[in-house]
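Here are the chains, one letter per residue:
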Amino acid sequence: MNIISNAERQIILDTETTGMNQGAGAVYLGHRIIEIGCVEVVNRRLTGRTFHQYINPGQAIDEEAIAVHGITNDRVAAEPRFHEIVGGFLDFIRGAELVAHNASFDMSFINHEFSMLVPQGPKVEDICTVLDSLAIAKFLHPGQKNNLDALCKRYGIDNTRRTYHGALLDAEILADVYLVMTGGQTKFNLHADEGSQEQGGIIRLDSNRPSLKVVRATADELGNHEKRLDLVGKSGKCLWRG
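Attention in this report is confined to the structure presented alongside it. (Residues numbered from 1 in each chain as written. Predicted model: local features only at pLDDT ≥ 70, side-chain atom pairs only at ≥ 80, totals over all residues. Heavy atoms only, no water.)

**A short note on the sheet that holds strand β5 (residues 129–132)**
- One open sheet accounts for five strands, arranged β3-β2-β1-β4-β5; its pairing is mixed. Edge positions in the open sheet fall to β3 (45–54) and β5, since each of these has one partner strand only. If you compare each strand with its neighbour and ignore which way they point, the axes differ by 25° on average.
- Relative to strand β4 (residues 97–100), strand β1 (residues 9–17) is paired through three bridges, and the arrangement is parallel. Note on β4: the bridge partner recorded for Ile 12 is Val 99. (Pairing = 2+ DSSP bridges. Helix = DSSP H or I, 4+ residues; strand = E, 2+ residues; numbered from the N terminus. Axes fitted to C-alpha atoms, helices over the stretch in contact; angles between N-to-C directions.)

**Thoughts on helix α3 (residues 82–93)**
- With twelve residues, α3 extends 15 Å between its outermost C-alpha atoms, agreeing within 8% with the 16 Å of an ideal straight helix rising 1.5 Å per residue.
- Among all positions of α3, only Phe 82, Ile 85, Val 86, Phe 89, Leu 90, Phe 92 and Ile 93 are buried. For α3, the angular spread of the buried residues around the axis is 150°, confining them to a single face. Exposed residues lying more than 90 degrees from the buried face of α3 are Glu 84 and Asp 91.
- The elements touched by buried residues of α3 are β1, β2 (33–42), β3, β4, α4 (103–115) and α5 (124–127).
- Following α3 by one or two positions, Gly 95 adopts a phi angle in the positive range, close to 80°. (Expected span 1.5 Å × (residues − 1). Buried < 20%, exposed > 50% of the residue type's maximum accessible area, 1.4 Å probe, protein only. Arc of directions from axis to C-beta. Contact = heavy atoms within 4.5 Å.)

**Some points on the nonpolar core**
- Within the largest apolar cluster, 27 residues are counted, with the highest numbers of intra-cluster contacts made by Ile 36, Cys 38, Phe 82, Phe 89, Ile 93, Ile 110 and Phe 114.
- Those elements giving two or more residues to this core turn out to be β1, β2, α3, β4, α4 and α5.
- For this core, the element with the highest residue contribution is α3, accounting for seven residues.
- In this view, Ile 36 contacts Asp 14, Thr 15, Phe 51, His 52, Gln 53, Ile 55, Phe 82, Ile 85, Phe 89 and Ala 167; residues no more than four positions away in its chain are not counted.
- Listed in part, the 24 residues of the second largest apolar core include Ile 12, Val 39, Cys 152 and Ala 175. (Core = buried A, V, L, I, M, F, W, Y, C linked by side-chain atoms within 4.5 Å.)

**Some remarks on helix α8 (residues 167–181)**
- Compared with an ideal rise of 1.5 Å per residue, which puts 15 residues at 21 Å, α8 spans 20 Å between its outermost C-alpha atoms and is within 8% of the ideal.
- Judged by how many residues are buried, α8 sits mostly within the fold: 15 of 15 residues are covered.

**Some remarks on the packing of helix α6 (residues 133–140) against α8**
- As a packed pair, α6 and α8 sit with axes 11 Å apart at the nearest point and diverge in direction by 40°. Compared by their axis directions, α6 and α8 come out oblique. Helix-helix and strand crossings are classified by hand; for α6 and α8 the assignment is left-handed. Of the residues in α8, those in contact with Ser 133, Ile 136, Ala 137 and Leu 140 of α6 are Leu 174, Tyr 178 and Met 181.
- When its residues are assigned to classes, the contact of α6 with α8 shows six nonpolar, one polar and no charged. (Parallel < 35°, antiparallel > 145°, perpendicular 65-115°, else oblique. Left-handed = near helix turned anticlockwise from the far one by under 90°. Nonpolar A, V, L, I, M, F, W, Y, C, P; charged D, E, K, R; others polar.)

**A closer look at the pattern of salt bridges**
- Using the criterion set out here, one finds four salt bridges in the structure.
- A salt bridge links Glu 40 to Arg 9; the nearest nitrogen and oxygen atoms lie 2.7 Å apart. You can see Glu 40 sitting in strand β2 and its partner Arg 9 sitting in strand β1, a full 31 residues away along the chain.
- Bridged by salt links that share partners, the residues Arg 9, Glu 40 and Arg 49 form one connected network. (Salt bridge = Lys/Arg side-chain N within 4 Å of Asp/Glu carboxyl O.)

**Brief notes about the environment of Thr 129**
- For Thr 129, the position within the fold is in strand β5.
- With a relative accessible area of 47%, Thr 129 lands in the partly exposed category.
- A C-alpha to C-alpha distance of 4.7 Å links Thr 129 and Glu 97, two positions 32 residues apart in sequence.
- With residues near it in sequence (within four places) discarded, Thr 129 still touches Ala 96, Glu 97 and Leu 98.

**Side note on the side chain of Glu 35**
- Along the polypeptide, Glu 35 turns up in strand β2.
- For the buried Glu 35, no salt bridge is present, and the opposite-charge side chain at shortest range is Arg 75, 7.3 Å distant.
- A distance of 2.6 Å separates a polar atom in the side chain of Glu 35 from a polar atom in the side chain of His 52.
- Ignoring anything within four residues of it in the chain, the contact list for Glu 35 reads Asp 14, Thr 15, Glu 16, His 52, Gln 53, Tyr 54, Ile 71, Gly 166, Ala 167 and Leu 168. (Lys, Arg positive; Asp, Glu negative; His and termini not counted. Polar contact = N/O pair within 3.5 Å; in protein donor to acceptor, adjacent residues only side chain to side chain.)

In structure tokens, the structure reads:
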């Protein structure tokens, strides 16, 4: 399995729904999307652009679901319906590769919402490619727990803000997990155990931080460097010169 995507622009996506039935079959039990969270990644870098929307599903949210994501009926009562926000959502995801954890679940709900639009909307697969980060995790860690919490622990990513599941927060955490998981390096301390607190993770820097100063060698310094290499070369073969 090739875990490195060639997509230039990726959207890390998560949804919350009115019911917690496992698998894509929940759609056929009449459940609806109540929250969408998306995080943009371009060339494997977080851009800071997000799409986040609560949605009034027009029906009651299961108590079991509320216990997981904390989104109540009152919370979404004044929110727009899906058809009112779909334009902005489509503009944000169109042409990108969507990355979701257990992607078939999220895509089935989105496609179901698209199917109920008048006129009927597109299928996700017609406007985006889709990558399942859960499939990647299972490939890399067969026989282990590969839910988002387990992956955060495995890769040393802080998810202490995650009291409840929430679409935007989970998308942000999944972005960190996905970038580390597919980056070719999972530990910065190569001697650390999997459960060690010394494992490396992602530290998200302020996008408004000042640019790093680039210090270049002067002509004199480059000349002295060449002289030093000449001296080293006379004592034996210099491996780092062309």
